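# Working through the structure, step by step
If you want the building blocks of each chain, they are given just below.
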Amino acid sequence: MIKLDGLTKRFGSTLALDALDLEVQPGEVFGFLGPNGAGKTTTIRLLLGLLHPTAGGATVLGLDPWRDVVALHRRVAYVPGDFNAWPQLTGTETLELLGRLHGGVDTEYRRLLIERFDLDVSKRGRQYSKGNRQKLALVAALSTRADLLVLDEPTSGLDPLMEVTFRECVSEAKARGQTVFLSSHILSEVEALCDRVGILRAGRLVDQGSLDDLRHLSAVTLEIEYRGPAPDLGGIDGLEVVTHADGRLRCQLQGSPDPVIKALARTHVTNLEMREPSLEELFLRYYRDAG
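This report concerns the structure included in the present document. (Residues numbered from 1 in each chain as written. Predicted model: local features only at pLDDT ≥ 70, side-chain atom pairs only at ≥ 80, totals over all residues. Heavy atoms only, no water.)

## As for the overall build of the chain
Condition: Strands here mean DSSP runs of E at least two residues long; helices mean DSSP runs of H or I at least four residues long; both are numbered from the N terminus. Three labels apply to residues, based on accessible area from a 1.4 Å probe with only protein chains included: buried if under 20% of the type maximum, exposed if over 50%, partly exposed otherwise in between. Every residue pair with non-hydrogen atoms within 4.5 Å of one another is taken to be in contact. Surface accessibility follows the Shrake-Rupley procedure with a 1.4 Å probe radius. Residue values consider only the protein chains on display as shielding.
Counting secondary structure elements, the chain contains 10 helices and 13 strands. Principal axes of the C-alpha set define a box for the chain whose edges measure 70 × 45 × 35 Å. When burial is assessed residue by residue, the chain has 48% of its 291 residues classed as buried. The contacts in the chain between residues at least 6 apart in sequence include a share of 68% that link residues at least 24 apart. With an accessible surface of roughly 14,200 Å², the chain has 49% of that area assigned to carbon and sulfur atoms.

## A word on the pairing of strand β2 (residues 14-24)
Let me state the cut-off plainly: Strands are treated as partners if at least two bridges between them are detected by DSSP.
Pairing of strand β1 (residues 2-11) with β2, which is carried by 7 bridges, proceeds in the antiparallel orientation. If you follow Leu4 over to β2, its bridge partner there is Leu22. Between β1 and the antiparallel strand that follows it, β2, lie 2 residues; Gly12 among them carries a positive phi value of about 65°.

## Some details on the environment of Ala58
For Ala58, the location among the structural elements is in strand β4 (residues 55-60). For Ala58, the residues in contact, after removing those within four places along its chain, are Lys3, Leu4, Leu7, Leu47, Leu63, Asp64, Pro65 and Trp66.

## Here we look at the state of the cysteines
Where we set the bar: Any pair of cysteine sulfurs within 2.5 Å is marked as a disulfide.
For the coordinates displayed, the defined rule picks out 0 disulfides. Summary of cysteine pairing: Cys169 is not part of a disulfide, and the nearest cysteine sulfur, belonging to Cys194, is at 15 Å.

## Some thoughts on the packing of helix α4 (residues 107-116) against helix α6 (residues 160-175)
Rules: Note on geometry: axes are lines fitted to C-alpha atoms, helical ones only across the stretch in contact, with angles between N-to-C directions running from 0 to 180 degrees. Orientation is classified from the angle alone, with under 35 degrees giving roughly parallel, over 145 giving roughly antiparallel, 65 to 115 giving roughly perpendicular, and any other angle giving oblique. Residues are grouped as follows: Ala, Val, Leu, Ile, Met, Phe, Trp, Tyr, Cys and Pro are nonpolar; Asp, Glu, Lys and Arg are charged; all remaining types, including Gly, are polar.
Axis separation between α4 and α6 bottoms out at 11 Å; the angle between their running directions is 155°. In terms of their interaxial angle, α4 and α6 are classed as roughly antiparallel. Across the interface between the two elements, Tyr109, Leu113 and Arg116 of α4 pack against Met162, Thr165, Glu168, Cys169 and Glu172 of α6. Of the residues contributing to the contact of α4 with α6, the split by class is 4 nonpolar, 1 polar and 3 charged.

## Describing the sheet that holds strand β10 (residues 220-227)
Sheet strands pair via backbone hydrogen bonds, and the direction of the pair is either parallel or antiparallel. The 4 strands lie next to each other as β11-β12-β10-β13, forming an open sheet whose pairing is antiparallel. Each having just a single partner strand, β11 (239-245) and β13 (268-275) make up the two edges of the open sheet. Direction aside, neighbouring strands of the sheet carry axes that sit 20° apart on average. Both β10 and strand β12 (residues 248-253) contribute to a ladder of 6 bridges, which runs antiparallel. Across the sheet, the residue bridging to Val220 is Leu253, located in β12.

Written out as structure tokens, the structure is:
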């Protein structure tokens, strides 16, 4: 659905994207992660044909984003991080305009989306809050049932209930076979929705894969509570004690837990928890390691 081959973008002396290679498969939800300035929005603008690359290339749905832009936009729906509604148009008029520009929408599904997002379409654009402008953009995009949904910080300004509705809609889109390219700062959102993620840092893709793939690259966390003498965990390969106080140990482990379990057998353990790193912990690790 999306294939980037050495995609590079410079703005003067600033290197915004540095030889980006990436593939997104049909029917998957791909999370695109990185802080402000990492190059996420620049990548999306290149995919949509809004910018020209300095080097490298890209295909979206097998089409060239610059030569085939009209045909491509018939099959893609885009939600920016801050949608600016036309101030004089009502919500209804805006949805009609965007639907016609796209080439048609599922009007019944659009009606249901308006209800689910609790959107008052009788108001004019200048009356909408930030959150309601995002609702308007989401309804417009989702109602196209486009082959590819490109979502750039789509829940910005939404309250928690509407975020739940958004997640439900994305899951339904995936079930219908649509592909979703989701750029987000909300790591819990990405973790809940995405099949694979890519982590962007300073214009470079530092890692990509499923959450399970990425977790294999990081240590699991062990939380140990005990009574009496402290356990002797010295000499265990891959084990690092992070904190130790008041009968509690917090450790990071890379490798098999078997040596730890055997060492703890000689200790009065009152509680033991082992968990894989969250997406947030993986994400922060990449930026911490970068200094």
